[in-house]
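The primary structure of each chain is shown beneath.
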Amino acid sequence: KKQNPPADYGQQLTTIIIGIRHQQIEKLIAELRSVKYDKYKPATIAKPIGYLMPQNKFYQYVFVMDQIDNANNILISFGEDIKHYTKKFFNENSNLTDICKTMSKKDFYLPINTEYRLACCYFYLKDFTKMKEYIKNVLEGRKDNKPSNFFDEYKKFSNKLLKFN
């Protein structure tokens, strides 16, 4: 079982973020938000690799400065961990329905812009009732953890999305 090591002077801590991208969703979000579309980033859903490991918590790898053997071992560990721990995540999110289910979970780890992505998921799944209900809930949601302009931007986005329906 892997444990998070302590960081000392001369060490660099890093983690691996595993992501899955759904091009249609990201393209629609960019169009509706009037932002430049990037065909490579961001991921539609993503998780730090530690949450895919048995301990299910944040995990960091330690690079020790000026130690080539350490760096080589960490890079080998990266590859082994990616190979061993990510297959289930990819299989569980291999289609739009599954991606939507993952984003809907309360314990979804990286909810960055989930409000936009989940509304678009419902749109592409043609679940317009759920999409409208979700948008309404977002707009009526808690405002204490959102930037002040979020709700204005989301309202513009959702009005455009609802016109597609």
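Preceding block: the structure.
This report concerns the structure included in the present document. Values in this document were obtained by computation on a predicted structure and should not be read as measured data.

Next up on the list: helix 1 (residues 23-33). One full turn of an α-helix is made of 3.6 residues, so residues set three or four places apart face in the same direction. Taken as a whole, helix 1 has its buried residues at Ile25, Glu26, Leu28, Ile29, Ala30 and Leu32. Looking at the buried side of helix 1, the elements it contacts are helix 4 (96-104), helix 5 (114-124) and helix 7 (150-164).

Enumeration according to the criterion identifies 3 salt bridges in this entry. When the shortest N-O distance is used, the salt bridge between Arg117 and Glu26 registers 2.7 Å. One end of the pair, Arg117, is in helix 5; the other, Glu26, is in helix 1, and 91 residues separate them in sequence. For the pair Arg117 and Glu26, a shared accessibility class is recorded, and that class is buried. Put simply, Lys88 and Glu92 hold a salt bridge, and the shortest N to O gap is 3.7 Å.

In this section: the side chain of Glu115. One can find Glu115 in helix 5. Classification of Glu115 by relative accessible area gives buried; the value is 12%. Among all residues touching Glu115, those that are not within four sequence positions of it are Tyr134, Val138, Lys146, Phe150 and Tyr154.

Mapping Arg33 onto the fold places it in helix 1. Owing to a relative accessible area of 28%, Arg33 belongs among the partly exposed residues under this scheme. In this structure, the C-alpha to C-alpha distance between Arg33 and Ser158, residues 125 residues apart in sequence, is 9.3 Å. Ignoring sequence-local partners within four residues, the contact set of Arg33 consists of Asn113, Tyr116, Glu153 and Phe157.

Grouped together as the largest cluster of nonpolar side chains are 38 residues, with contacts concentrated most on Tyr61, Cys121, Tyr154, Phe157 and Leu161. Those elements that provide at least two residues to this core are strand 2 (17-20), helix 1, strand 4 (61-64), helix 2 (68-85), helix 4, helix 5, helix 6 (128-139) and helix 7. When residues of this core are assigned to their parent elements, the largest contribution, 7 residues, is made by helix 5.

Thresholds, definitions, all that
- Residues numbered from 1 in each chain as written.
- Predicted model: local features only at pLDDT ≥ 70, side-chain atom pairs only at ≥ 80, totals over all residues.
- Heavy atoms only, no water.
- Buried < 20%, exposed > 50% of the residue type's maximum accessible area, 1.4 Å probe, protein only.
- Helix = DSSP H or I, 4+ residues; strand = E, 2+ residues; numbered from the N terminus.
- Contact = heavy atoms within 4.5 Å.
- Salt bridge = Lys/Arg side-chain N within 4 Å of Asp/Glu carboxyl O.
- Core = buried A, V, L, I, M, F, W, Y, C linked by side-chain atoms within 4.5 Å.

So, to be careful, I would describe these as geometric facts and stop short of saying anything about function.
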